[in-house]
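Close look at the chain arrangement
Here is how the chains run, residue by residue.
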Amino acid sequence: MSKPIAALIGGIVFGTGLSVSGMSDPEVVLGFLTVDGGWNPALLLVMASAVTVTALGYLAIGRRSAPLFDTRFHPPARTAIDGRLLLGAIIFGIGWGVAGYCPGPAIVGAFTLDPRALVFLPGFIVGMLAFEGLPKPAPPQIQ
Amino acid sequence: MTNAIIGGLLIGAAATWLWLSMGRVAGISGIAAQALTTPRANLWPLLFVVGLGAGGWIGNLLRNPAPIPELDALNVAALLSAGLLVGFGTRLGSGCTSGHGVCGSARLSKRSISATVVFLGVGMLTATLLHAS
């Protein structure tokens, strides 16, 4: 199997999970983010079950020297808790709280022709491209 | 609520598969940015994004999606500006709900857990100020 096929399978399973869980519906997400009488804990259950499975999965894969279809693992290089990380998380959090869309559900919604996601998506793409225009920080030092 | 847990299991299975097969963290904002900016360098990010869409169709067949409310001008403006903030913020912060929230938390990364606490807290504050009834 090649990497593109593996990625396609991963995307299909991930997208099915987002849709089945209700996370592709921004009203369900806002039902969790909005703390009032109608609070909906669904997002917490999705996160808890996804994190549990992923943690067990990573543990099971453990000390393999390489993944199945690549020569090495690609763990995120950055480990610092810095201003860019926190400011990015704040800006993302505001946008998430306004519309109830994070990137995965927005992409799923756009492909399933949900008009809300189709309006959100151009903004999302322009926001990503605006970041590409910024000067990049130095790459982290590899020890 | 059962759907939420089953959906979470599928998301976890997909994240595990991406690590086992390709050695990649399933961070959707990063993968989407690669699909958008360097689609010819690597085919796999674009295919992951297409897979997300196909999964959305499969999921919608497996459940009854709620009816979609009508959009007015205010919703359109809010959705567009939220898109800008989410697109820019997830790139600046190197991740979103999938990369930091699911994969980073599962790796017990302090960096990802910090980001997750911040965007969850800010998201809840923003939504509660704007949408609480």
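Look above for the structure.
Basis of the calculations
- Residues numbered from 1 in each chain as written.
- Chains lettered and ligands numbered in written order.
- Predicted model: local features only at pLDDT ≥ 70, side-chain atom pairs only at ≥ 80, totals over all residues.
- Heavy atoms only, no water.
- Contact = heavy atoms within 4.5 Å.
- Buried area = accessible area lost by both parts, 1.4 Å probe.
- Salt bridge = Lys/Arg side-chain N within 4 Å of Asp/Glu carboxyl O.
- Polar contact = N/O pair within 3.5 Å; in protein donor to acceptor, adjacent residues only side chain to side chain.
- Helix = DSSP H or I, 4+ residues; strand = E, 2+ residues; numbered from the N terminus.
- Nonpolar A, V, L, I, M, F, W, Y, C, P; charged D, E, K, R; others polar.
- Buried < 20%, exposed > 50% of the residue type's maximum accessible area, 1.4 Å probe, protein only.

**Quick notes on the interface of chain B and chain A**
In this complex, chain B contributes 98 residues to the contact, which on the side of chain A involves 102 residues. When chain B packs against chain A, the two sides together hide about 8,800 Å² of surface, and 79% of this comes from carbon and sulfur. Summed over the three residues of chain B that lose the most area to chain A, namely B:Trp19, B:Leu92 and B:Arg111, the buried surface amounts to 8% of that side. Of the charged contacts in the structure, one is a salt bridge between A:Glu132 and B:Arg91, with a shortest N-O distance of 3.8 Å. The interface formed by chain B and chain A includes 22 residue pairs in polar contact (both at pLDDT 80 or more). For the side of chain B that touches chain A, the secondary-structure elements that each account for two or more residues are α1 (2-22), α2 (28-37), α3 (44-62), α4 (73-92), α5 (97-106) and α6 (110-131) of chain B. Residues that form the side of chain B that touches chain A fall into these classes: 59 nonpolar, 33 polar and six charged.

**Some words on the pattern of salt bridges**
Residue and element names in this part refer to chain A. In total, this model carries five salt bridges over all chains according to the counting rule given. Between Asp25 and Arg116 there is a salt bridge, and its shortest N-O distance comes to 3.6 Å. Note that Asp25 is positioned in the loop between α1 (3-20) and α2 (26-33) and Arg116 in helix α6 (residues 115-132), a separation of 91 residues in sequence. You can call Arg116 buried: its relative accessible area is 6%.

Note that every value here comes from positions in space, so none of it alone points to a role or purpose.
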